[in-house]
Amino acid sequence: MTIKTELMDSLIVAKKEFKVLFRKKWLVIPLFLFPIIMIVFFGYGMGGTVKNSPILIVNDDTGRASSSLIQEIGSYTPKYDGNPMFSVTYTKDMSQSEAESKINDGLYKGVLLIPHNYSDSIAKNESTSLTLLTDSSDTTTSQTISNFIRQLLSKTGSVILNIPNIYGNLEYLDFLTPGVIALTVFMGSVATTGSAIAGEKEDGTLIRMLMTPISKRSVILGKTIYQLILQLARAVVLILAAFLLVGFHMNGSWLLISLVLVIFTLGGVGMGIVMSSRVEDMESFFQLNMLITMPSMFVTGVFFPLSSVPDWMRYIAYCLPLTYAIDAMRTIMIKGQGLHAVSNDLIILTLFAIVTFTLGVHLFRREA
Amino acid sequence: MEPIIEVKNLVKVFHSRGRTITAVNDVSFDVFNGEIFGMIGPNGAGKSTTFSMLTTLLKPTSGSITVAGFDVQKQDDKIRPLIGIVPQKLSLYPLLTARENLEFMGNLYNVPKKVLEDKIDYYLKLVGLEASADRYTGGFSGGMKQRLSVIAAILHDPQILFWDEPSTGLDPQTRNVIWKLGRKFNEEGRTLVFTTHYMEEADNLCDRVAVMDSGKMVALDDPERLKETTGSTNLEEVFVHFTGEQVRD
Ligand SMILES: Nc1ncnc2c1ncn2[C@@H]1O[C@H](COP(=O)(O)OP(=O)(O)OP(=O)(O)O)[C@@H](O)[C@H]1O
Ligand SMILES: [Mg+2]
């Protein structure tokens, strides 16, 4: 069997999948609408707490006022939580643009720049200014940091706080949208792949298809092509809807987003195949699906930044591939960063795809 | 008569939930080119399992099978285009129309588009489904589905047909249509291998009948001779003679 026939065969399968999909009106509508609804509903107002958030203080001043300010920031512990709010690193002689790049690289959630004449000015009762840079792609943390510093300085009086906006004026929605896209693609690819196969097992059509000369590879490839088109289409619809409905702005490259989503979809398809190989019908597939994909939804920081959750939860999140997809999506879509910034995420997602796909192909047998 | 299927010492063992089931237990037989070959036997006798192995879907635990001269394990891709299968379990896409189901099947066998369209029209008409050609099969009656299944397995012009219980659960009219088709396809030179639980069907149609019971093939001959040697007046009695009165699980 040549590669060309296998490819043609897979297109026959992909075409059939689409035909069947578009006849399931009750499925198509939620498939595209549900994530939009999620953005609109969850998008309005969400708070959170921050702890051990890494911040950098660039102190070019040597006087008393700045050292007491630093002391206060470093030791601050919120009322309801035993942990200090910040984990502070100190340095000096760093330009604002250099500081920004540290935030871009995800090293710090905030950088406070203290000018060399700060203590002098305070002592003389002159007005002076501080600059606070925050990672506004993490809206909750960034707001908490700004509010905290603002409160702190209100005691001191004549200090002006500059808070330049690195990523523009960001809202919770900007934080939420990339996460929801990753979540949508993940849940969508796992659930539609798996339930379709489980359904075909149930009604005998899968076996019937495997009795024909078509190869197992072509069947899987056909289903994969179908998923890639479907999931990318959903992502595009979602980004456009977020733009039209809530004014979401995409800062990054569409190409890079597609790359992340393609790799992630492959992983999702592989996982759907693996899961469907363990069940005989749709109903048991959906039960298994609940068990496996639900934790991803709530633990991986789709709705809140991982910096605001307890450690144990964060560790779970680091084991789930969705976490890395979300991180990559945010880095690209909000921070407008390039390939190098998401290379770690991509490596992990690629591994996920390779593992699930290999396992899926292996478990997807001709034998029923 | 030349054999088109040769089965030697075929065994299939399933391991499921800690139990070991020998579904097919050392079975050997030939099917001759151009004959109608029927398989009868109680539920669980191993008929479908044998079919699955003959049609390359299941790997034998041991033993060998050749179909049209090809080894089922090593040359399954040579065999698949030559055979047409009607599975025991109905398998149509409920959200595709009758025509689309047939097109999909034909495409998987790589039937050229024009030829396929003509055949689909021809066979739909032959089984009286032309008026329902563009309806989803999800709404079809059992008889309509089975007629469609049967013609879905002839579009690629196979040499050998495997029909697993094509008449179970159908009314006499539909069964009549199905067996007429079987005869017609056989007259066109195709070998037909089928299973049934209706003894008179096997009696009327088969050149030879095989009786299976508990994984063994307990008899194989032409229906008349089977009746003679067992002193029976019909195939029902032959069946009971070989398989006993006991109900199977
Ligand atoms: N995939 C499987 N796993 C485990 N056991 C199986 C499997 N397929 C069939 N069996 C068992 O093998 C035996 C033979 O089954 P088979 O379906 O071949 O019988 P059959 O003659 O076709 O029966 P029927 O007339 O009911 O269709 C049965 O005991 C069945 O439970
Ligand atoms: Mg059977």
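Computed from a predicted model, the values in this text were never measured in an experiment.

Enquirer: Could you give an account of the coordination of the magnesium ion (ligand 2), naming the residues involved and the relevant values?
Expert: Residues and elements named next belong to chain B. Within the protein, the atoms that donate to the magnesium ion (ligand 2) are Ser48 (OG) and Gln88 (OE1), at distances of 1.9 to 2.1 Å. Within this pair, whereas Ser48 is found in helix 1 (residues 47-54), its partner Gln88 is found in the loop between strand 6 (83-86) and helix 3 (98-108), the two being separated by 40 residues in sequence. Residue Ser48 is classed as partly exposed on the basis of its relative accessible area, which comes to 26%.

Enquirer: Quick rundown of the domain arrangement of chain A? Include the residues and the values.
Expert: Residue and element names in this part refer to chain A. Taken domain by domain, chain A consists of domain 1 (3-45 + 171-363) and domain 2 (53-162). Between the C-alpha centres of domain 1 and domain 2 the distance comes to 40 Å. Contact between domain 1 and domain 2 buries roughly 750 Å² in total, counting both sides, with carbon and sulfur atoms accounting for 52%. Broken down residue by residue, the surface that domain 1 buries against domain 2 is led by Pro305, Ser307 and Lys335, which jointly contribute 51%. On inspection of domain 1 and its partner domain 2, the count reaches 1 salt bridge. Put simply, Asp135 and Lys335 hold a salt bridge, and the shortest N to O gap is 3.6 Å. On inspection of domain 1 and its partner domain 2, the count reaches 0 residue pairs in polar contact (both at pLDDT 80 or more).

Enquirer: Explain the site of ligand 1 to me, and be specific about the residues and the numbers.
Expert: Residue and element names in this part refer to chain B. Among the 14 residues in the neighbourhood of ligand 1, the closest are listed as Gly44, Lys47, Ser48, Thr49 and His197. Between ligand 1 and Asn43, the relevant distance is 2.9 Å, taken from an oxygen atom to a side-chain nitrogen or oxygen of the residue. For ligand 1, an oxygen atom lies 3.2 Å from a polar atom in the side chain of Glu165. Summarising the interface, the protein chains cover 68% of the accessible area of ligand 1, which totals 630 Å² for the free molecule.

Enquirer: Quick one: what's the story with helix 1 of chain B, residue by residue and with numbers?
Expert: Most of helix 1 of chain B sits inside the fold, with 7 of its 8 residues counted as buried. Downstream of helix 1 of chain B by a residue or two, Thr56 of chain B has a phi angle that is positive, lying close to 70 degrees.

Enquirer: So what about the sheet that holds strand 3 (residues 36-40) of chain B? Which residues, and what values?
Expert: Residue and element names in this part refer to chain B. A sheet is described by the order of its strands in space; here 6 strands give the open sequence 6-7-8-3-9-10, paired in mixed fashion. Each end of this open sheet is capped by a strand with a single partner; those strands are strand 6 and strand 10 (216-221). Across the sheet, the mean angle separating the axes of adjacent strands is 15 degrees when strand polarity is ignored. Along the sheet, helix 8 (residues 223-230) makes contact with strand 9 (208-213) and strand 10, crossing strand 10 at roughly 105 degrees. Packing of helix 9 (residues 235-243) onto the sheet brings it into contact with strand 3, strand 9 and strand 10, and relative to strand 9 it is tilted by some 35 degrees.

Enquirer: Explain the packing of helix 1 (residues 3-23) of chain A against helix 3 of chain B to me, using residue names and the numbers behind them.
Expert: Close contact between helix 1 of chain A and helix 3 of chain B brings their axes to 10 Å; oriented N to C, the two are set at 165 degrees. In terms of orientation, helix 1 of chain A lies roughly antiparallel with respect to helix 3 of chain B. Crossing of helix 1 of chain A against helix 3 of chain B: the hand is left-handed. Here helix 1 of chain A contributes Ile12, Val13, Lys16, Lys19 and Arg23 of chain A to the contact with helix 3 of chain B, which in turn contributes Glu100, Glu103, Phe104, Asn107 and Leu108 of chain B.

Enquirer: Could you give an account of the environment of Phe286 of chain A, naming the residues involved and the relevant values?
Expert: One can find Phe286 of chain A in helix 11 (residues 282-299). With 31 residues separating them along the chain, Phe286 of chain A and Leu255 of chain A place their C-alpha atoms 33 Å apart.

Enquirer: Please provide a residue-by-residue account of a nonpolar patch on the surface, values included.
Expert: A cluster of nonpolar side chains, namely Ile29, Leu33, Ile37 and Phe41 of chain A, defines an oily patch on the protein surface of about 420 Å² accessible area. Along the chain, the position of Ile37 of chain A falls in helix 2 (residues 25-42).

Enquirer: Hey, could you go over the packing of aromatic side chains for me, with residue numbers and the actual values?
Expert: Scanning the entire structure with this criterion turns up 14 aromatic pairs over all chains. Arranged with centres 5.5 Å apart and planes meeting at 15 degrees, the rings of Phe29 of chain B and Phe37 of chain B form a pair that is stacked. For Phe37 of chain B, a relative accessible area of 0% translates into the label buried. Judged by centre distance (5.5 Å) and plane angle (85 degrees), the ring pair of Tyr93 of chain B and Phe104 of chain B falls under edge-to-face. In this pair, Tyr93 of chain B sits in the loop between strand 6 and helix 3 while Phe104 of chain B sits in helix 3, placing the two residues 11 residues apart along the sequence. Both residues of the pair, Tyr93 of chain B and Phe104 of chain B, belong to the buried class. Taken together through their ring pairs, the aromatic side chains of Tyr122, Tyr123, Trp163, Trp179, Phe185 and Phe194 of chain B make up a single cluster. Positioned over the ring face of Phe175 of chain A is Arg330 of chain A, at 3.6 Å from the centre of the ring.

Enquirer: Quick rundown of helix 5 (residues 142-152) of chain B? Include the residues and the values.
Expert: One full turn of an α-helix is made of 3.6 residues, so residues set three or four places apart face in the same direction. Most of helix 5 of chain B sits inside the fold, with 9 of its 11 residues counted as buried. Buried within helix 5 of chain B are the following residues: Gly143, Met144, Gln146, Arg147, Leu148, Ser149, Val150, Ile151 and Ala152 of chain B. Residues of helix 5 of chain B that are buried sit in contact with helix 8 (205-210) of chain A together with strand 6, helix 3, helix 4 (113-126), strand 7 (160-164) and helix 6 (172-187) of chain B.

Enquirer: Break down the pattern of salt bridges for me, with residues and values.
Expert: Residues and elements named next belong to chain B. Tallying each qualifying case throughout the model produces 25 salt bridges over all chains. A salt bridge links Lys184 to Glu188; the nearest nitrogen and oxygen atoms lie 3.0 Å apart. A salt bridge links Glu224 to Lys227; the shortest N-O distance between them is 3.3 Å. On the criterion of helical spacing, the pair formed by Glu224 and Lys227 is a turn pair, its members being 3 residues apart in helix 8.

Enquirer: Break down the interface of chain A and chain B for me, citing the residues and quoting the values.
Expert: As a measure of interface size, the accessible area lost when the parts come together is often cited. Tallying the contact residues gives 24 residues for chain A and 28 residues for chain B. Each partner contributes to the roughly 2,500 Å² buried at the junction of chain A and chain B, and carbon and sulfur atoms together form 64% of this total. If you sort the residues of chain A by the area they bury against chain B, Arg23, Arg208 and Met211 of chain A come out on top, with a joint share of 30%. Applying the counting criterion to the chain A and chain B interface returns 2 salt bridges. The partner of Glu100 of chain B in a salt bridge is Arg23 of chain A, with the nearest N and O atoms 2.6 Å apart. The interface formed by chain A and chain B includes 8 residue pairs in polar contact (both at pLDDT 80 or more). For the side of chain A that touches chain B, the secondary structure elements donating two or more residues are helix 1, helix 7 (172-202) and helix 8 of chain A.

Scoring rules and cut-offs
Residues numbered from 1 in each chain as written. Chains lettered and ligands numbered in written order. Predicted model: local features only at pLDDT ≥ 70, side-chain atom pairs only at ≥ 80, totals over all residues. Heavy atoms only, no water. Donors = N, O, S within 2.8 Å, 3.2 Å for Na, K, Ca; no water. Helix = DSSP H or I, 4+ residues; strand = E, 2+ residues; numbered from the N terminus. Buried < 20%, exposed > 50% of the residue type's maximum accessible area, 1.4 Å probe, protein only. Domains from an automatic or database assignment. Buried area = accessible area lost by both parts, 1.4 Å probe. Salt bridge = Lys/Arg side-chain N within 4 Å of Asp/Glu carboxyl O. Polar contact = N/O pair within 3.5 Å; in protein donor to acceptor, adjacent residues only side chain to side chain. Near = heavy atom within 4 Å. Areas by Shrake-Rupley, 256 points an atom, 1.4 Å probe, with all protein chains shown as cover. Pairing = 2+ DSSP bridges. Axes fitted to C-alpha atoms, helices over the stretch in contact; angles between N-to-C directions. Contact = heavy atoms within 4.5 Å. Parallel < 35°, antiparallel > 145°, perpendicular 65-115°, else oblique. Left-handed = near helix turned anticlockwise from the far one by under 90°. Patch = residues over 30% accessible without salt bridge, like charges linked within 9 Å, V, L, I, M, F, W, Y side chains within 5 Å. Phe/Tyr/Trp six-rings, centres within 6.5 Å; stacked < 30°, edge-to-face > 60°. Lys NZ or Arg CZ within 6 Å of the ring centre and 35° of its normal.

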